[in-house]
Amino acid sequence: MSERQNDGSLTVLPRRDDPSDEGHGAAALRAAGGGPGAARPGVVYLVGAGPGDPGLFTLRGAELLATADVVLHDELVHPALLDGVREDAEVRSVGKRGGDRVVKDAKQAEIDAELVALGLAGRSVVRLKGGDPFLFGRGSEEAEALARAGVPFEVVPGVCSPLGATAYAGISLTHRHIASSVMIVSGVTRAGKAFDWSELASVRGTICVLMGMQALDAVVAGLMGPGRRDPATPAAAIQWGTRADQRVVSSRLDELPRRAREAGLQSPAVIVVGAVTGLRDALRWFDRKPLFGKRVLVTRPRHQARSTSRLIRLRGGEAVELATIEIHPPPDPARVTAAVRGLSGYHAVVFTSENGVSRFFEELDRLGLDARAFGSARLAAIGVGTAAALAARGVRADIVPKEFRGEELAEAILADPALAERRAARSPVRVLLARALVAREVLPERLRAAGCEVDVVPVYETRPASSDRREQLLRALSAGEIDVVLLTSSSTVDSLCHLLGEGAAARLDRVLLASIGPITTATAEKWGLRVGVTAEVSTTAGLLDALDRYFAALQAAPASAAD
């Protein structure tokens, strides 16, 4: 990796993985052939996926997921985790939801047999299980089956739901002044019979009940009867803990079934009983995030949506990925090749998007070149996102305008001391602009007007997404499954409106439209869209910051009105 110095020389730097990548460097692991910690042939790995939030997945789990031949996963595993699976891996859901225990037992026997068969066949296998494999997850039964068959296995623990869900709900399972023990029980036994609640009669700490929502009345009756719990004991039920759709109901123990029914809570959920649940009002943090519970439509192409989705989850929201544009090769690839081969003849190379950087460097790699090919050329990026894409590939942008618009970028290029010196000496300034096939012409026009020689080379083409996306989008909008739509570029806006067709403005009027900057907002308004939020800083992070402020203000409004 290299970095440009003030004197124009290049210094080699160690390459870093993109810190925004969900997969903990999974792409790097795959590229390196897996490394010493890769999943080994003939070994089955029982891996805990955690309680829901993919950010709680372990580094070891991600390492194995990125290198295994086969992945068999539970139904409740967050889909984002599967982004870390290698492209040629076999991936199947083997979930067992439902109340018929005979059917579930038969399904489990099939899973046990398949794990054994895959291991004996020399495949490397990840059995991805919700929560922790050995906490009411039948992981021990799967391990026993593997042991009997002589198949090597490893267990990778995961954050279990009693720990994860309660922490995200603001409930501390233990507290120095309130509870010094925790009891975790299953609402039903293997045979389907109720738990013997009398076992808890002498327990004075916190009780967590898993798999008890379908029989919540019986669970509460057992706790107050044989379990000898006071009906007034504080209690809570946490559904979809650690996820953006997390819901929490707190009440007295005897009122919990009624309150849960009124709120519509169902499984999967954790039931918590004990005085520690009274700490929730003081300790809750996750569901107080401004984006908590908001379903945010990410319209960027798939390869870019992943990092955006992760940022949304970190802010408490849930990303709905549905790209409205597709990135395709340029119509004339030979021009890109010629531009890369002729880099030494340019005094400035300009990038106006992360996609432009990606496609340009793909051609550099294909030709066996690296950052040294830029020579003494000044590198310009339209914004910090594009500059970061360059930095990830070993070079730093020399020119980045304060406002991320073509007009500002043109002024910044013309004001660059090295280029201004050439212009003052009436020497030619040759500029290479690597961009999309269709883009605003203000940048090359202003540079040419100032006497620069500008070669505009399309390095990619954006096209509207396929028609099947239209049906997906219409269903999601009509069902109220989207709260916010991110408008991250003018091309995204155009494609979104083309995709929705006639009546696009009316359909989108039901959701909050958030724009990455004034140019994108202007494009949206030309389509008749009503933009509710425009970012002050035209980056994905800046856009999400603007959304944070918008929803924080809405949350504060009732309190202000009450004052």
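It should be emphasised that the depicted structure is a prediction, and the values quoted were computed from it without experimental measurement.

Conventions adopted
Residues numbered from 1 in each chain as written. Predicted model: local features only at pLDDT ≥ 70, side-chain atom pairs only at ≥ 80, totals over all residues. Heavy atoms only, no water. pLDDT = per-residue confidence, 0-100. Contact = heavy atoms within 4.5 Å. Pairing = 2+ DSSP bridges. Helix = DSSP H or I, 4+ residues; strand = E, 2+ residues; numbered from the N terminus. Salt bridge = Lys/Arg side-chain N within 4 Å of Asp/Glu carboxyl O. Buried < 20%, exposed > 50% of the residue type's maximum accessible area, 1.4 Å probe, protein only. Axes fitted to C-alpha atoms, helices over the stretch in contact; angles between N-to-C directions. Parallel < 35°, antiparallel > 145°, perpendicular 65-115°, else oblique. Left-handed = near helix turned anticlockwise from the far one by under 90°.

(A) Region of interest: the confidence of the model for the protein. Residues at a pLDDT of 70 or more form 92% of the protein, whose mean pLDDT is 89. Low pLDDT, under 50, characterises residues 1-25; the predicted model gives this stretch 53 contacts beyond four residues in sequence or across chains.

(B) The pairing of strand β19 (residues 453-464), seen in detail. Two strands pair when backbone bridges link them, and strand β15 (residues 325-328) and β19 are joined in this way by 4 bridges, in the antiparallel orientation. Residue I327 lies in a different strand from β19, and its bridge partner there is T462. Alignment of strand β18 (residues 430-436) against β19, held across 7 bridges, turns out to be parallel. In the strand pairing of β19, R435 is matched with P458.

(C) Local environment of the pattern of salt bridges. What the rule picks out here adds up to 37 salt bridges. Residues D105 and R138 are paired through a salt bridge, measuring 2.7 Å at the closest nitrogen-oxygen approach. Here R138 lies in the loop between β6 (125-129) and α4 (139-149) and D105 lies in helix α3 (residues 101-120), a separation of 33 residues in the sequence. We classify R138 as buried; its relative accessible area is 16%.

(D) Spotlight on unusual backbone geometry. In this structure, the amide linkage connecting S267 to the following residue, P268, adopts the cis form with an omega of 5 degrees. Along the chain, P268 falls in the loop between α7 (256-263) and β12 (269-273). Positive phi values are uncommon outside glycine, yet R138 reaches one of about 60 degrees. Look at R228: it is not a glycine, yet its phi comes out positive at around 60 degrees. A residue is classified by how much of its surface remains accessible, and R228, at 64% relative accessible area, is exposed.

(E) Spatial organisation of the environment of A339. Summarising the element assignment, A339 is placed in helix α10 (residues 333-341). Residues A339 and D455, 116 residues apart in the sequence, show an inter-C-alpha distance of 8.8 Å. Every residue in contact with A339, bar those within four places of it in the chain, is listed here: Y346, L432 and V457.

(F) Seen up close, the packing of helix α11 (residues 354-366) against helix α12 (residues 384-391). Two elements in contact, α11 and α12, have axes whose closest approach is 8 Å; the angle formed by their N-to-C orientations is 20 degrees. In terms of their interaxial angle, α11 and α12 are classed as roughly parallel. Note that α11 runs across α12; the crossing there is right-handed. Two secondary-structure elements touch here, α11 through E354, V357 and F361 and α12 through G385, T386, A389 and L390.

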